[in-house]
Amino acid sequence: MNAGQETGVTAYLARLGLDERPPATVETLTAIHQRHIEQIPYENLGAVLGAAPDIDAATTLARVAAGGNAGYCFHHNGLLTLVLRELGFNVVPAWGYPWGSEEGRRDRRVEHLALTVRGLPTDENPGGIWYPDVGCGDGIHAPLPLVTGEYRQGPFTYRLEVRDGEWTFFHDPKGSYTGAEIIDEELAPGQAEASHHRLTDPDGGPYTSHLIAQHRLPDAVEALRGCVFTRKADTIDRTEVTRYDDWRDALHTVGVSFQDVDADALRGLFDRSLAAHRELQEAG
């Protein structure tokens, strides 16, 4: 790693409130995961503004270390992979895709960057393989042992079904998707880029249709989708956000940075989001 990336790792850790480079332990992995997913939101702000950021991990690291936004799974988990390796963790790449139906589950495609961290055995996880994921927004708050079973974190319950060379993550019923298939292998060169370009294509890419920004707290998920702010905990509370200042405050609440975001472009996005929201209301 070059000097610039080393400086970026230090600044990233400082942003998370970690002033010194910690050892490669389960405790460190958990602390980084929890602080990251609380403080650095999953969001598609760049994509819906027509300029999705590159998924190069070093570029994402520099942006986040300077106080900017990350993006979605390819950005978050790419950044996490780079940082963990710099700290001495054994990181093994993986990939997968979320699904909401059995038909979608059978549609094998590249839509999620994933990873495992190995060589960290505990009494709970003697095999020492862990599944962190900071790229789902409303997903796990801390790494899971890669062991078949059910796991409770705050008000949410998750389940893993681990098979040879792959596993299924079953989300809490209150989650934004039903589950995700994860394949324990590294993407071939160009696969991640091709998926990124398809997902963020200004001409119909699914990540460009409406704004989503969310983060995971120990006891809740907070999200802004279009003009609706949602807090999911033991119950689900939804609030319409139809004034620009309130909408901007909601983005700030989930951790979105306005660094390098054009004010006029942001206001234009709100206007489009509100118009779409009104249209949906009128359509029932």
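A brief structural summary. Residues take numbers from 1 onward in each chain, read along the sequence in its written order. Local features in this predicted model are restricted to residues of pLDDT 70 or higher, and side-chain atom pairs are both shown and tallied only at a pLDDT of 80 or more, whereas totals for entire chains, interfaces and linings draw on every residue. Hydrogens are left out, water is left out, and the side-chain values use all remaining heavy atoms of the structure.

1. Looking at the pairing of strand β12 (residues 228–232)
Logical step 1: Relative to β12, strand β11 (residues 220–225) is paired through five bridges, and the arrangement is antiparallel. Across the sheet, V221 pairs through a bridge with K232, a residue of β12.
Logical step 2: Any two strands between which DSSP finds at least two bridges are classified as paired. Helix and strand assignments come from DSSP, with helices taken as H or I runs of at least 4 residues and strands as E runs of at least 2, each series counted from the N terminus. Between β11 and β12, which pair antiparallel in sequence order, lie two residues; one of them, G226, sits at a positive phi of approximately 60°.
Logical step 3: Where β12 and strand β13 (residues 236–240) come together, five bridges link them in antiparallel fashion. Looking at β13, one finds that R231 is bridged to D237.
Logical step 4: Where β12 folds back on β13, the antiparallel hairpin that results is connected by three residues.

2. Concerning the pairing of strand β7 (residues 156–163)
Logical step 1: As paired strands, strand β6 (residues 149–153) and β7 are joined by five bridges and run antiparallel to one another. Along β7, the bridge assignment pairs E150 with R159.
Logical step 2: Adjacent in sequence and paired antiparallel, β6 and β7 are bridged by two residues, among which G154 carries a positive phi angle near 60°.
Logical step 3: Between β7 and the antiparallel strand that follows it, strand β8 (residues 166–170), lie two residues; G165 among them carries a positive phi value of about 85°.

3. Regarding unusual backbone geometry
Logical step 1: Backbone geometry places D260, a non-glycine residue, at a positive phi of 65°.
Logical step 2: Within the fold, D260 resides in the loop between α8 (244–253) and α9 (263–283).
Logical step 3: A relative accessible area of 78% means that D260 is categorised as exposed. Accessibility here uses a 1.4 Å probe with only protein chains present; expressed as a share of the type maximum, an area under 20% marks a residue as buried, one over 50% as exposed, and anything in between as partly exposed.

4. Re the sheet that holds strand β10 (residues 212–217)
In a beta sheet, neighbouring strands pair by backbone hydrogen bonds and run either parallel or antiparallel.
Logical step 1: Ordered by their spatial adjacency, five strands build an open sheet running β1-β10-β11-β12-β13, and the pairing between neighbours is antiparallel. On the outer flanks of this sheet lie β1 (42–43) and β13, each paired with one strand and no other.
Logical step 2: Here β1 pairs with β10 via two bridges, running antiparallel. Bridge pairing in β10 links E43 to A213.

5. Structural notes on the packing of helix α2 (residues 26–39) against helix α5 (residues 73–86)
Logical step 1: Running from amino to carboxyl end, α2 crosses α5 at an angle of 150°, the nearest separation of the two axes being 12 Å. Of the possible angle classes, the one that applies to α2 and α5 is roughly antiparallel. Like other packed secondary-structure pairs, α2 and α5 cross with a definite hand, here right-handed. For the pair formed by α2 and α5, the contact residues are L29, I32 and H36 on the first element and H76, L79, L80 and L84 on the second.
Logical step 2: Grouping the constituent residues of the contact of α2 with α5 by class yields five nonpolar, two polar and no charged. Lines are fitted to the C-alpha atoms to define the axes, a helix being fitted only along its stretch in contact, and any angle between axes, read from their N-to-C directions, falls within 0 to 180 degrees. Angles are sorted into four bins: roughly parallel if under 35 degrees, roughly antiparallel if over 145, roughly perpendicular if 65 to 115, and oblique for all others. In this scheme, a crossing is called left-handed if the near helix is turned counterclockwise away from the far one by less than a right angle; it is called right-handed if the turn is clockwise. The contact criterion used throughout is that any non-hydrogen atoms of two residues lie within 4.5 Å. Charged residues are taken to be Asp, Glu, Lys and Arg, nonpolar residues to be Ala, Val, Leu, Ile, Met, Phe, Trp, Tyr, Cys and Pro, and polar residues to be all remaining types, Gly included.

6. Concerning the nonpolar core
Logical step 1: We define a nonpolar core as any set of buried Ala, Val, Leu, Ile, Met, Phe, Trp, Tyr and Cys residues linked to one another through side-chain atoms lying within 4.5 Å. Core analysis: the biggest nonpolar cluster contains 26 residues, and Y12, I32, L84, F89 and V117 have the highest contact counts within it.
Logical step 2: Listed by contribution, the elements that provide at least two residues to this core are α1 (3–15), α2, α4 (57–65), α5 and β3 (112–118).
Logical step 3: With five residues, the top contributor of residues to this core is α5.
Logical step 4: Excluding anything up to four places from it in sequence, L84 contacts L29, I32, F89, V91, L115 and V117.
Logical step 5: By size, the runner-up hydrophobic cluster in this structure holds 19 residues, among which are V48, L251, V256 and F270.

7. Quick notes on α4
Logical step 1: Every buried residue of α4 is listed here: A57, T60, L61, V64 and A65. Along the axis of α4, the buried residues cluster in a sector spanning 125°; they form a single face.
Logical step 2: Measuring from the side-chain oxygen of the N-cap residue of α4 to the backbone nitrogen of A58 gives 3.4 Å; that N-cap residue is D56. Directions drawn from the helix axis to the C-beta atoms are what define this arc. Counting of polar contacts relies on pairs of N or O atoms within 3.5 Å, with two restrictions inside protein: one atom must be capable of donating a hydrogen and the other of accepting it, and residues adjacent in sequence are counted only when both atoms are side-chain atoms.

8. A word on the side chain of H112
Logical step 1: By secondary structure assignment, the location of H112 is in strand β3.
Logical step 2: H112 gets classed as buried once you look at its relative accessible area, which sits at 5%.
Logical step 3: A distance of 2.7 Å separates the side chain of H112 from the side chain of D133, its partner in a polar contact.
Logical step 4: Residues in contact with H112, not counting those within four places in the same chain, are C73, F74, N77, W95, G96, Y97, P98, D133, G135, C136 and I182.

9. Details of the packing of α4 against α5
Logical step 1: Packing of α4 against α5 leaves a shortest axis separation of 8 Å and a crossing angle of 90°. Between α4 and α5, the angle falls in the class roughly perpendicular. When α4 is examined against α5, the residues A57, A58, T60, L61, R63 and V64 are found in contact with a partner set consisting of H75, G78, L79, L82 and V83.
Logical step 2: Split into classes, the residues belonging to the contact of α4 with α5 amount to seven nonpolar, three polar and one charged.

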